[in-house]
Amino acid sequence: MISFVSSLPRRRRILIIAVLGLLIWALLPVARFTPSKRLLAAVTGSFGTSSDPILRYVDPLIGTVNGGHVFPGATLPYGMAKAVADVSNRGEAAAGFVSDNSKVLGFSHLHDSGTGGNPSLGNFPLFVHPGCPDDDFAKCKFTVYQRPVHRIEGSVQARPGYFAIGLNNSVYAEMTASERTTLYKFKFSADDEVNSDGILVPNNPLVLVDLVDLGNTRKGGDVNIDPITGRITGNGTFNPSFGNGEYKAHFCADFTGAEIRKAGTFLDMNATEDQNALGNVGSGFYIPSGSAGAWIHFARPPKDQIMARVGLSFISVEQACTNAEAEIPDFGFDEVVKAGEDAWKEKLSVIQPDTRGVSDELRTTFWSGLYRAILSPQDYTGENPLWKSDEPYYDSFYCIWDSFRAQHPLLTIIDPRVQTRMVRALIDIYKHEGKLPDCRMSFSKGYTQVGSNADVVLADAFVKNLTDGIDWELAYEAVVSDAEQEPKDWSTTGRGNLESWHDLGYVPYDDVDRNGTGPMTRSISRTVEYAYDDFAIALMARGLGRKSDESKYLQRSRNWRNLFNAQQEDRYRDEGGKVLKTQFQGFMQPRYRNGTWRYQNTRLCSPIYQQHVCYFDTQYDTYEGSPWLYTFYVPQDMAGLVKALGGRDTFNERLDYFHSSGINYMGNEPNFLPTFQFHYGGRPGRSSYWVHQYIPAQFNSSINGIPGNDDCAMGAFTALAFMGFFPVAGQDVYLLTPPLFREVSIRTPTGKLATLRNLGFDPEYQAIYIQSATLNGKPYTKNWITHDFFYNGGVLEFVLGTSESDWGTRDEDLPPSLSTGLGLDL
């Protein structure tokens, strides 16, 4: 044959060799050369895109890169169970999944969304091998360091209540969730042998459950497998991702779809079928940290799929099993997906925008933002192991410093029942632990970033008349505790340096605190936030008839002036090192106990000067922002601040410079309100201008479509800006700008609609300035509105134009301020 071929002309030889090669390829088993995309093409499509007019515009993958840390997996609104693929990019995988090319570690069932800090939760991941080399379970890879595989590019599908991904080991994973239970559908090739990440293996899947979490913080724990039924149960004790303490979680996993051939446990790289339990439920052997768990080696699934149901609990294994059996009794995947879709539609349909003329990209930006705003806090009612109570329990207030400014006021409008339950949960935490949290996750005390801002959450609910089941006397006791009683450790609850706060009216740079311990930094940030927290308490005191308290806390709310250095200039160096200065003077600055000033660069901790030196471990006097930023944080008395900064024109010029110079960083929540503070300077049109500068430039429908950790607050900011109002949290004040829709209606608790309508809507967004307005047909000149509009309903109409007008510019049209004495009546 060789001699025959070699005797032919060269072109004919090449043709014959090519034909022989194709013939040999065709005769070989398909699985040896079929890439994983063949399986992907066979199994995808049934849940890829929603036809629902709302859900089709929700993209859970927005914010899954670029530090957004968004959870894109399957869950319900405020759901405890959150299923997604966890990946190996530890720096970005705070919520488990990242839209990059990192490898998949497994599929876990508990997550937070949008957080900073370390990776959070991610407990008890499943991992699925399509088979093991030589059909030997011991040759499969068990540890979180060995087993990761690449995903198939373009295989990810995410929508509310559903997530799917194809793996390079020929496994396609779909997942959904109920309240306390996750459900997985793992699909396999129909071939006898499959390509598992480059290795041919028999099509006999092995599924394992690992006791690890994303942060690898587990201590001890138990795991048990029933080799007959295949039920795997277990637990572990873990650390929170941004706080002190520990928590215990439990799971109960059941499987269906294939015959069990073998089962056992593993510890690190060592798997055995001789032992069905580890930990206290087994030999009493303490399970060391790292990968450990149980596994099942199945026969080839007759329908090429295996289902896995994982019940979850923070109480016990038994409760985890009960949750699973009650919520998903028959492994009905499609039914659970539909129930999730229905739950999301019910929550989101409270908002009714007229989207004519609005691009699909902007619709996706809006609905996805609204969706992210109701991922957390998570409803753990009935799963609190710390105390027994008839009150609701919500967790993952992560952190209130982020969420109080936009998310909680948004929920007060679109989901007041749940916001009321959250307020009750906060009060119940105070009742049993002695302090309100500023940050809380996994039943643990999170670190207090700056102020005691749960005070503002409670005050916001109070002034907006949330009442159902709320004990407002106990709530007031809680906020007064923050203001008056310093805890021994104020790094996780309450306030520090209270003696100086009460006596000097500010937090000194060089304070000596003999009453408690915590980070003796962030004196500017803490002073201005303590002042506003006390203003919020004053409003509650007024409403409860406590006149002397009202007077005391209103006086303390003026303490921002004690760190306002009217002489401080704004100096900086140009690229050549030359010292320059702007025309702006007067900034918040640190101060010593003796009253003399200390200097902090006015631009420090901003994107243009050492942005990343002001986190929780900072040595400086501002937290995650510059003195430029914190100088604007006087929401209780913006009229007083405008005057201190030189009057309206200078204030507006300064605020414009803040936004245009690169000092502002929209990836942090304190930067939201300055977008709208032109209202206080009598130029509401500039607020509208800057909304359009940030949307869609920084808030858009791409996977990196948010500028920082989402915290469920970036989504809230987006939704509020689209609807045309932004709250001044803790006050009965919403600052008005034109909606980004033709009109938008919000269903109110009274069953009516609150409608904001643009007359002269311009889909090109050239006409973005309010020329005049009417409320229920009558002229309306104020550039703000109260919560009554969102409770009783009404129609607010804006006539728009292409340039600023005099609408909302008179003194009497500006939002209330303490120094003007306007609008403080509750």
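So, a few notes on the structure that sits alongside this text. What you see is a predicted model, and the numbers here were worked out from it, not measured in a lab.

Comments concerning the overall build of the protein
Phase 1 of the analysis: Scanning the protein for helices and strands turns up 20 helices and 34 strands.
Phase 2 of the analysis: Its C-alpha atoms give the protein a radius of gyration of 29 Å, within 12% of the compact-globule value 28 Å for 826 residues.
Phase 3 of the analysis: Projecting the C-alpha coordinates of the protein onto the three principal axes gives extents of approximately 100 × 70 × 60 Å.
Phase 4 of the analysis: Looking at the protein as a whole, 64% of its 826 residues qualify as buried.
Phase 5 of the analysis: In the protein, once contacts between residues fewer than 6 apart in sequence are set aside, the share between residues at least 24 apart is 70%.
Phase 6 of the analysis: Both charge centroids of the protein, one from 76 positive and one from 95 negative side chains, sit 4 Å from each other.

Some points on the sheet that holds strand β20 (residues 351-354)
Phase 1 of the analysis: What the six strands build is an open sheet, ordered β20-β29-β30-β34-β31-β32; its pairing is mixed. Looking at the sheet topology across the chains shown, the edges are occupied by β20 and β32 (778-779).

Considerations on the packing of aromatic side chains
Phase 1 of the analysis: Enumeration over the complete set of coordinates arrives at 56 aromatic pairs.
Phase 2 of the analysis: A centroid spacing of 4.5 Å and a plane angle of 45° characterise the contact between phenylalanine 725 and phenylalanine 790, whose relative ring orientation is tilted. Of this pair, phenylalanine 725 sits in strand β27 (residues 725-727) while phenylalanine 790 sits in helix α20 (residues 788-792), and the two are 65 residues apart along the sequence.
Phase 3 of the analysis: Taking the relative accessible area as the measure of exposure, phenylalanine 725 reaches 0% and is therefore buried.
Phase 4 of the analysis: Grouped by ring-pair contacts, the aromatic residues Phe124, Phe238, Tyr247, Phe251, Phe314, Tyr380, Trp387, Tyr393 and Phe443 constitute a single cluster.
Phase 5 of the analysis: One residue, arginine 654, lies across the ring of tryptophan 628, its end atom 5.2 Å from the ring centre.

Digging into the environment of phenylalanine 676
Phase 1 of the analysis: Of note, phenylalanine 676 is situated in the loop between α17 (648-660) and α18 (684-694).
Phase 2 of the analysis: Expressed as a C-alpha distance, the spacing of phenylalanine 676 and valine 691, which sit 15 residues apart in the sequence, is 8.1 Å.
Phase 3 of the analysis: Ignoring anything within four residues of it in the chain, the contact list for phenylalanine 676 reads Ser687, Val691, Phe717, Phe726, Leu735 and Thr737.

So, the nonpolar core
Phase 1 of the analysis: Of all hydrophobic cores here, the largest spans 149 residues; its most connected members are Ile351, Leu458, Phe725 and Phe790.
Phase 2 of the analysis: Top element by residues in this core is helix α13 (residues 523-543). It accounts for 10 residues.
Phase 3 of the analysis: The residues touching phenylalanine 790, leaving out its near neighbours within four places in the chain, are Ile413, Phe725, Tyr734, Ile746, Thr748, Pro749, Ala754, Leu756 and Ile785.
Phase 4 of the analysis: Listed in part, the 72 residues of the second largest apolar core include Phe163, Tyr184, Val223 and Ala292.

With respect to the packing of α17 against α18
Two quantities define a packed helix pair, namely the angle between the helix axes and the distance between the axes.
Phase 1 of the analysis: Where α17 contacts α18, the axes come no closer than 12 Å and their chain directions differ by 0°. Relative to α18, the element α17 is oriented roughly parallel. Note on element contacts: α18 touches α17 through Arg686, Trp690 and Tyr694, opposite Asp656, His659 and Ser660.
Phase 2 of the analysis: Of the residues that constitute the contact of α17 with α18, the class distribution is two nonpolar, two polar and two charged.

Section: the sheet that holds strand β4 (residues 157-159)
Phase 1 of the analysis: The nine strands are arranged β4-β5-β6-β7-β19-β14-β12-β11-β17 in an open sheet whose pairing can be described as antiparallel. In this open sheet, the two edge strands, each paired with only one partner strand, are β4 and β17 (277-278).
Phase 2 of the analysis: Both strand β5 (residues 162-166) and strand β6 (residues 172-177) contribute to a ladder of four bridges, which runs antiparallel. Residue pairing across strands places glycine 166 opposite tyrosine 172, the latter belonging to β6.
Phase 3 of the analysis: Helix α4 (residues 317-327) rests against β7 (181-187), β12 (232-238), β14 (247-256) and β19 (305-313) of the sheet, and its axis sits at about 125° to β19.
Phase 4 of the analysis: Helix-sheet contacts for helix α5 (residues 333-348) involve β4, β5, β6, β7 and β19, and the interaxial angle to β6 is about 50°.

Some remarks on unusual backbone geometry
Phase 1 of the analysis: For the bond running from serine 376 to proline 377, omega is -5°, close enough to zero to count as cis.
Phase 2 of the analysis: Relative to the helices and strands, proline 377 is located in the loop between α6 (360-372) and β21 (378-379).
Phase 3 of the analysis: With an omega of 15°, the peptide bond between isoleucine 695 and proline 696 qualifies as cis.
Phase 4 of the analysis: By the element assignment, proline 696 lies in the loop between α18 and α19 (713-723).

Side note on the pairing of strand β30 (residues 753-759)
Side-chain positions along a regular strand alternate between the two faces of the sheet.
Phase 1 of the analysis: Across five bridges, the pairing between strand β29 (residues 743-747) and β30 is antiparallel. Note that in β30 the partner of isoleucine 746 across the bridge is alanine 754.
Phase 2 of the analysis: Counting the residues between successive antiparallel strands, the hairpin from β29 to β30 contains five residues, one of them, glycine 751, with a positive phi of roughly 85°.
Phase 3 of the analysis: Strand direction decides the pairing type here: β30 and strand β34 (residues 794-801), joined by six bridges, are parallel. Each bridged residue has a counterpart across the sheet, and for leucine 759 the counterpart in β34 is valine 799.

Thoughts on the pairing of β6
Phase 1 of the analysis: Among the six residues in β6, six count as buried, and that is most of the element.
Phase 2 of the analysis: Taken together, β5 and the strand that follows it, β6, pair antiparallel across an intervening segment of five residues, in which serine 170 is found at a positive phi of about 75°.
Phase 3 of the analysis: Relative to β7, β6 runs antiparallel, the two being bridged by six bridges. Residue pairing for β7: glutamate 174 is matched across the bridge by lysine 185.

Some details on the side chain of threonine 631
Phase 1 of the analysis: Of note, threonine 631 is situated in helix α15 (residues 627-631).
Phase 2 of the analysis: When residues no more than four places from it in sequence are discounted, the contact partners of threonine 631 are Phe564, Gly586, Phe587, Met588, Leu641, Leu645 and Arg654.

With respect to α18
Phase 1 of the analysis: The buried fraction of α18 is high, at nine of 11 residues.
Phase 2 of the analysis: Considered for burial, the residues of α18 that qualify are Pro684, Gly685, Arg686, Ser687, Ser688, Trp690, Val691, His692 and Tyr694.
Phase 3 of the analysis: Where α18 is buried, its residues contact α17, α19 and β31 (769-775).

Digging into the state of the cysteines
Phase 1 of the analysis: A complete count under the given rule lists four disulfides for this structure.
Phase 2 of the analysis: A sulfur-sulfur distance of 2.0 Å marks the disulfide that ties cysteine 132 to cysteine 140. Here the disulfide of cysteine 132 and cysteine 140 is left-handed, its torsion about the S-S bond being about -100°. Across this residue pair, the class does not change: cysteine 132 and cysteine 140 are buried.
Phase 3 of the analysis: One disulfide in the model links cysteine 399 with cysteine 439; its S-S distance is 1.7 Å. With the S-S dihedral at roughly -60°, the linkage between cysteine 399 and cysteine 439 falls on the left-handed side. Of this pair, cysteine 399 sits in the loop between β22 (394-395) and α7 (400-403) while cysteine 439 sits in the loop between α9 (416-433) and β23 (440-441), and the two are 40 residues apart along the sequence. Here cysteine 399 and cysteine 439 have matching classes, each one buried.
Phase 4 of the analysis: Along the protein, the cysteines engaged in disulfide bonds are linked according to the scheme 1-2, 3-4, 5-6, 7-8 when indexed in sequence order.
Phase 5 of the analysis: Cysteine 712 takes part in no disulfide bond, and the closest cysteine sulfur to it belongs to cysteine 399, at a distance of 12 Å.
Phase 6 of the analysis: Overall, cysteine 712 belongs to the buried group, its relative accessible area being 2%.

Focus on the environment of isoleucine 400
Phase 1 of the analysis: Here isoleucine 400 lies in helix α7.
Phase 2 of the analysis: When the C-alpha positions of isoleucine 400 and proline 377 are compared, they lie 9.9 Å apart, and in sequence the two are 23 residues distant.

Notes on the side chain of arginine 591
Phase 1 of the analysis: Mapped onto the fold, arginine 591 is located in the loop between β26 (579-588) and α15.
Phase 2 of the analysis: Despite its burial, arginine 591 pairs with no opposite charge, the nearest such side chain being aspartate 510 at 9.7 Å.
Phase 3 of the analysis: A distance of 2.7 Å separates the side chain of arginine 591 from the backbone oxygen of glycine 595, its partner in a polar contact.
Phase 4 of the analysis: In this structure arginine 591 touches Tyr506, Pro508, Tyr509, Asn562, Leu563, Thr596, Trp597 and Arg598, once residues within four positions along its chain are discounted.

About the criteria used
Residues numbered from 1 in each chain as written. Predicted model: local features only at pLDDT ≥ 70, side-chain atom pairs only at ≥ 80, totals over all residues. Heavy atoms only, no water. Helix = DSSP H or I, 4+ residues; strand = E, 2+ residues; numbered from the N terminus. Rg over C-alpha atoms; globule rule 2.2 N^0.38 Å. Buried < 20%, exposed > 50% of the residue type's maximum accessible area, 1.4 Å probe, protein only. Contact = heavy atoms within 4.5 Å. Lys, Arg positive; Asp, Glu negative; His and termini not counted. Charge placed at Lys NZ, Arg CZ, Asp CG, Glu CD. Pairing = 2+ DSSP bridges. Phe/Tyr/Trp six-rings, centres within 6.5 Å; stacked < 30°, edge-to-face > 60°. Lys NZ or Arg CZ within 6 Å of the ring centre and 35° of its normal. Core = buried A, V, L, I, M, F, W, Y, C linked by side-chain atoms within 4.5 Å. Axes fitted to C-alpha atoms, helices over the stretch in contact; angles between N-to-C directions. Parallel < 35°, antiparallel > 145°, perpendicular 65-115°, else oblique. Nonpolar A, V, L, I, M, F, W, Y, C, P; charged D, E, K, R; others polar. Disulfide = S-S within 2.5 Å. Salt bridge = Lys/Arg side-chain N within 4 Å of Asp/Glu carboxyl O. Polar contact = N/O pair within 3.5 Å; in protein donor to acceptor, adjacent residues only side chain to side chain.

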